[in-house]
Amino acid sequence: MIDKKSGQVRNVIIGSGGLFGMGEDHYPLPWKGLVYDTDKDGYVINFDRSRLDPEKSPRFHRDQEPDWNEEYERQVTLYYFPS
């Protein structure tokens, strides 16, 4: 997700579950939660993987996208980075 005003990346959306995209949940992750790993030639999360809990993590279904306002983004960030 790119911030319309700044043009900066704000969130990354990870898809999980479902079959061929059907029934898949989408998990927004704050961009600051990813770091580039040169050994893996890709991005990895820099928080405990247990935070990606399908019962507790912020998530939404493909056809029920949340209202991307400042409060929602704050809640997502606080979930992954509570302090």
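Scroll up a little and you will see the structure.
Each chain has its residues counted from 1, running along the sequence as written. With the structure being a predicted model, the display of local features is reserved for residues of pLDDT at least 70 and the display and counting of side-chain atom pairs for 80 or more, all residues being used for whole-chain, interface and lining totals. Calculated side-chain values reflect all of the structure's heavy atoms, with hydrogen atoms and water omitted.

Patch membership needs two things, relative accessible area over 30% and no salt bridge, and members are linked within 9 Å if like-charged or within 5 Å if nonpolar (Val, Leu, Ile, Met, Phe, Trp, Tyr). Note on areas: Shrake-Rupley with a 1.4 Å probe; residue coverage comes only from the protein chains shown. Think of a salt bridge as a Lys or Arg side-chain nitrogen and an Asp or Glu carboxyl oxygen that are within 4 Å of each other. The grouping of Ile2, Val9, Trp31, Tyr36 and Tyr43 at the surface amounts to a nonpolar patch, some 500 Å² of accessible area in total. A helix here means a DSSP run of H or I that spans at least four residues, while a strand means a run of E at least two residues long, and both kinds are numbered starting from the N terminus. Among the structural elements, Trp31 can be located in the loop between strand E2 (25–30) and strand E3 (34–37). Residue class for Trp31 comes out partly exposed when judged on its relative accessible area of 32%. Three exposure classes are used, based on accessible area relative to the maximum for each residue type with a 1.4 Å probe and protein chains only: buried under 20%, partly exposed in between, and exposed over 50%.

This part covers the nonpolar core. In this structure, Val12, Leu29, Leu34, Phe47, Phe60, Tyr72, Val76, Tyr79, Tyr80 and Phe81 together form the largest nonpolar core, which totals ten residues. Considering each element in turn, this core owes the most residues, four residues, to helix H1 (residues 70–80). Residue contacts are defined here by distance: any two heavy atoms, one from each residue, within 4.5 Å place the two residues in contact. When near neighbours in sequence (up to four residues on either side) are disregarded, Leu34 contacts Val12, Leu29, Tyr43, Val44, Ile45 and Asn46. Working definition of a nonpolar core: buried Ala, Val, Leu, Ile, Met, Phe, Trp, Tyr and Cys residues. They are joined through side-chain atoms within 4.5 Å.

This paragraph deals with H1. Along H1, the residues that are buried comprise Tyr72, Glu73, Val76, Tyr79 and Tyr80. The arc enclosing the buried residues of H1, seen along the axis, measures out at 125°, which places them on a common side. Those residues of H1 hidden inside the fold are in contact with strand E1 (11–16), E2 and strand E5 (60–61). Pairs of N or O atoms are called polar contacts if they sit within 3.5 Å, as long as, within protein, a hydrogen donor faces a hydrogen acceptor (for residues adjacent in sequence, only side-chain-to-side-chain pairs). At the N-terminal boundary of H1, the capping side chain belongs to Asn69, with an oxygen 3.1 Å from the backbone nitrogen of Glu71. Arc definition: it is the arc formed by the directions from the helix axis to the C-beta atoms.

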